[in-house]
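Each chain is listed here by its residues.
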Amino acid sequence: GELEEGPNAVTYNSVMVAYAKQGDVVGAGKVLDMMQADYDAGNKAAKPNIRSYNILIDCWSNSGRRDAPQEAEFLLRTILEKHSAGELEEGPNAVTYNSVMVAYAKQGDVVGAGKVLDMMQADYDAGNKAAKPNIRSYNILIDCWSNSGRRDAPQEAEFLLRTILEKHSAGELEEGP
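Source: prediction; values computed, not measured.

(A) Local environment of the environment of alanine 105. Looking at the element boundaries, alanine 105 is found in helix H5 (residues 94–105). Taking the relative accessible area as the measure of exposure, alanine 105 reaches 15% and is therefore buried. Each C-alpha atom of the pair alanine 105 and aspartate 143 lies 7.5 Å from the other, and the pair is 38 residues apart in sequence. Residues within four places of alanine 105 in sequence aside, it is in contact with Ala113, Ile140 and Cys144.

Quick look at the structure:
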């Protein structure tokens, strides 16, 4: 027999994960597009959610492609726009921002990764409690500095360590180093 209902967000997200595990950003992106089209055609259970976007961002971050940071950040900005317009119930969360930071970090781009951490902090300060930077956020940036080959890397990494210690002792960061 036929199904009484169409695929829902969990169904689409599961298929996206299958593509993501193969490193197939094109396939995962097409599934997100199918999901959006299904939702737009009236299947309200197929509405893309923050997990949908996080899966695709993570896929980009782990793709090894040169354009991964830009594509991941484009998706982050898409989330921000859709959330602001009321088209997406949840805004970006720590997983979202951290995954975009990873895309920059994997290419040794300390400026890009730092910019995303700044965006994350600004989003949290503006009221998005789900965007609170965590120890992973800082560890990604420290790792990026460590692998950057820049002469100022040790000082920048130590500055971040001191920031973690200060934020942790002030209760602004749940985990310490």
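(B) Seen up close, the packing of helix H2 (residues 25–40) against helix H3 (residues 50–61). Packing of H2 against H3 brings their axes to within 9 Å, and their N-to-C directions diverge by 165 degrees. In terms of axis orientation, H2 runs roughly antiparallel to H3. When the axes of H2 and H3 are compared, the crossing they make is left-handed. The residues of H3 that touch H2, namely those facing Val25, Ala28, Gly29, Leu32, Met35 and Gln36, are Ser52, Tyr53, Leu56, Cys59 and Trp60. The residue inventory of the contact of H2 with H3, partitioned by class, reads eight nonpolar, three polar and no charged.

(C) Quick look at the side chain of threonine 96. Tracing the backbone through its elements, the reader meets threonine 96 in helix H5. By relative accessible area, which is 1% here, threonine 96 ends up buried. Residues in contact with threonine 96, not counting those within four places in the same chain, are Ile50, Asn54, Ile57, Leu76 and Ile79.

(D) How the structure looks around the side chain of aspartate 38. Structurally, aspartate 38 is set in helix H2. Despite its burial, aspartate 38 pairs with no opposite charge, the nearest such side chain being lysine 44 at 9.5 Å. Looking at aspartate 38, its side chain comes within polar contact range of the side chain of tyrosine 12, at 2.7 Å. Not counting chain neighbours up to four residues away, the residues in contact with aspartate 38 comprise Pro7, Tyr12, Asn43 and Ala46.

(E) Just the nonpolar core, in detail. Membership of the largest hydrophobic core comes to 51 residues, with the highest contact counts inside it found for Leu56, Trp60, Tyr97, Val100 and Leu141. Elements that contribute at least two residues to this core include exactly helix H1 (9–21), H2, H3, helix H4 (68–84), H5, helix H6 (110–125), helix H7 (135–146) and helix H8 (153–169). Tallying contributions element by element places H5 first for this core, with eight residues. In contact with tryptophan 60, other than residues within four places in its own chain, are Val25, Arg65, Asp67, Ala68, Glu71, Ala72 and Leu75.

(F) A look at the packing of aromatic side chains. Under the definition given, this model contains zero aromatic pairs. Lying across the ring of tyrosine 39, lysine 44 places its NZ or CZ 4.5 Å from the centre.

So, how was this worked out
Residues numbered from 1 in each chain as written. Predicted model: local features only at pLDDT ≥ 70, side-chain atom pairs only at ≥ 80, totals over all residues. Heavy atoms only, no water. Helix = DSSP H or I, 4+ residues; strand = E, 2+ residues; numbered from the N terminus. Buried < 20%, exposed > 50% of the residue type's maximum accessible area, 1.4 Å probe, protein only. Contact = heavy atoms within 4.5 Å. Axes fitted to C-alpha atoms, helices over the stretch in contact; angles between N-to-C directions. Parallel < 35°, antiparallel > 145°, perpendicular 65-115°, else oblique. Left-handed = near helix turned anticlockwise from the far one by under 90°. Nonpolar A, V, L, I, M, F, W, Y, C, P; charged D, E, K, R; others polar. Lys, Arg positive; Asp, Glu negative; His and termini not counted. Salt bridge = Lys/Arg side-chain N within 4 Å of Asp/Glu carboxyl O. Polar contact = N/O pair within 3.5 Å; in protein donor to acceptor, adjacent residues only side chain to side chain. Core = buried A, V, L, I, M, F, W, Y, C linked by side-chain atoms within 4.5 Å. Phe/Tyr/Trp six-rings, centres within 6.5 Å; stacked < 30°, edge-to-face > 60°. Lys NZ or Arg CZ within 6 Å of the ring centre and 35° of its normal.

Treat this as a map of the structure, not an account of what it does.
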